[in-house]
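Examination of the molecular architecture
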Amino acid sequence: MRNNEERFNFQENNETPQIETKKPFEFPVQTDFVELPSEGNGYPQGHPLDGKEKVELFYMSANEEDILTSETLAKENLMFERLIESCLVEKFDTSTIQQADRDAILFKIRETGFGREYKTKVQCPKCLKVKEMSLDLQKDVKVKNINLSKVLKTERNTYLYHLEKYDIDVELKILSIKDIRKYDRGVDEKLGYETKFTDKLRAILVSVDDCGVLSYLDNIVKQFPTIDAIELLQVYNELEPSIRLECEFVCDNKECSYRGPLEVPLDTNFFWPEL
Ligand SMILES: [Zn+2]
């Protein structure tokens, strides 16, 4: 629950006579906290989530239902951002959130609106038979912790990784939703094909050997030896938190009987459960 300051902020020496009227009913404001997989790491200094381990959210209400059923927002792919914006107690630009934190927030919003149970259809990875399953949004959520042991944190909350072979430091940053969108541009117009690998490498690079000039970085990305680029992306993967829904899957098909952990993607009924 939020603070109750306002409720107790009455004036003791109020001399104007009070006309007794019945106050119309209002729903109590309900909030809850969600733990951030990033634990506040990797955000630029001064960012509202810098150093924050959790964030406070309003419970979903009919207002958020409008956002979820808006065809306009669905078309523009802005639905989740607007939903989070609407539920945050302290507002800020939601495109600057890291992906894992965004997903953790979405899981919590879903929980406040429709409960912990998430019924969905999953497909057996071996025989492809579809099975209905029920997941628990608290127990079946797996968070990957970040590993900062290979890097040095800088004053601006980026990370320095030492490339032994060349004896240089490479500075990396954790991507926000906005960054991801920027590097995920699809087909390069000049080249005629996707450049996902270099785009991602470029997106995470802040400086190389202390030089952060944009044109220099744009250029050096193209020259990066694959083996070193892969090393960097692996280091980045250890720095970036992740969160996923995972269940222990047992296949119904007797001829298959596959058993193993299975990641469950969020499908359309995550926010639109059958009522
Ligand atoms: Zn199967």
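Rules and cut-offs
- Residues numbered from 1 in each chain as written.
- Predicted model: local features only at pLDDT ≥ 70, side-chain atom pairs only at ≥ 80, totals over all residues.
- Pairing = 2+ DSSP bridges.
- Helix = DSSP H or I, 4+ residues; strand = E, 2+ residues; numbered from the N terminus.
- Contact = placed C-beta atoms within 7 Å.
- Axes fitted to C-alpha atoms, helices over the stretch in contact; angles between N-to-C directions.
- Buried ≥ 20, exposed ≤ 12 C-beta atoms within 10 Å, placed from the backbone.
- Arc of directions from axis to C-beta.
- Domains from an automatic or database assignment.
- Nonpolar A, V, L, I, M, F, W, Y, C, P; charged D, E, K, R; others polar.
- Parallel < 35°, antiparallel > 145°, perpendicular 65-115°, else oblique.
- Left-handed = near helix turned anticlockwise from the far one by under 90°.
- Core = buried A, V, L, I, M, F, W, Y, C linked by C-beta atoms within 7 Å.

Turning next to the pairing of strand E4 (residues 130-136). Here seven bridges tie strand E3 (residues 117-123) to E4, and the two strands are oriented antiparallel to one another. Bridge assignment links Lys-119 to a residue of E4, and that residue is Ser-134. Two successive antiparallel strands, E3 and E4, enclose a turn made up of six residues, where Leu-128 displays a positive phi of approximately 70 degrees.

With antiparallel pairing, four strands are arranged side by side in an open sheet as E6-E7-E8-E9. In this open sheet, the two edge strands, each paired with only one partner strand, are strand E6 (152-153) and strand E9 (205-208). Against the sheet, helix H8 (residues 226-239) engages strand E7 (159-163) and strand E8 (168-172), with an angle of about 145 degrees to E7.

Taken in spatial order, the three strands make up an open sheet running E5-E10-E11, and their pairing is antiparallel. Either end of the sheet is taken by a strand with one partner, and the two such strands are strand E5 (141-144) and strand E11 (259-263). Strand after strand, the sheet turns through a mean of 40 degrees between neighbouring axes, direction not considered. Sheet topology places strand E10 (residues 242-250) next to E11; five bridges connect them, and they run antiparallel. By the bridge assignment, Cys-247 is partnered in E11 with Leu-262.

So, on to helix H6 (residues 196-204). Looking only at H6, the buried set comprises Lys-200, Leu-201 and Ile-204. Relative to the axis of H6, the buried residues are bounded by an arc of 100 degrees and lie together on one face. For H6, the elements touching its buried residues are E8, helix H5 (177-183), E9, helix H7 (214-223) and H8.

Turning next to the domain arrangement of the protein. Here the protein is described as being made up of domain 1 (27-144 + 242-270) and domain 2 (152-239). Using only C-alpha atoms to locate each centre, domain 1 and domain 2 end up separated by 28 Å. Taken together, the eleven residues of domain 1 in the interface contact eight residues of domain 2. Considered class by class, the residues forming the side of domain 1 that touches domain 2 number three nonpolar, six polar and two charged.

At a closest axis distance of 10 Å, the pairing of H6 and H7 adopts a crossing angle of 135 degrees. The angle between the axes of H6 and H7 places the two elements in the oblique class. Between H6 and H7 lies a crossing whose hand is right-handed. Contacts between H6 and H7 involve Thr-198, Leu-201 and Arg-202 from the former and Leu-217, Asp-218, Val-221 and Lys-222 from the latter. Along the lines of polarity and charge, the residues of the contact of H6 with H7 split into three nonpolar, one polar and three charged.

This part covers the nonpolar core. Of all hydrophobic cores here, the largest spans 17 residues; its most connected members are Leu-83, Cys-87, Ile-105 and Ile-109. Contributing elements (two or more residues each) for this core: strand E2 (54-58), helix H3 (79-87) and helix H4 (99-114). Beyond its immediate stretch of four places on either side in the chain, Ile-105 contacts Val-34, Val-55, Leu-57 and Ile-84. Counting eleven residues, the second largest nonpolar core, distinct from the first, contains Val-151, Val-170, Leu-172 and Ile-204.

Backbone geometry at Asp-209 places phi at a positive 50 degrees, although glycine is not the residue there. Among the secondary structure elements, Asp-209 is positioned in the loop between E9 and H7. A tally of 13 C-beta atoms within 10 Å means that Asp-209 is categorised as partly exposed. Non-glycine residue Ser-257 carries a positive phi angle of around 45 degrees. Within the element layout of this structure, Ser-257 appears in the loop between E10 and E11. Take Ser-257: there are 12 C-beta atoms within 10 Å of it, and that puts it in the exposed class.

Their axes nearest at 11 Å, the elements H6 and H8 cross at an angle of 60 degrees. With respect to H8, the axis of H6 lies oblique. The chirality of how H6 crosses H8 is left-handed. Contacts from Lys-200, Leu-201 and Ile-204 in H6 reach Ala-229, Leu-232, Leu-233 and Tyr-236 in H8.

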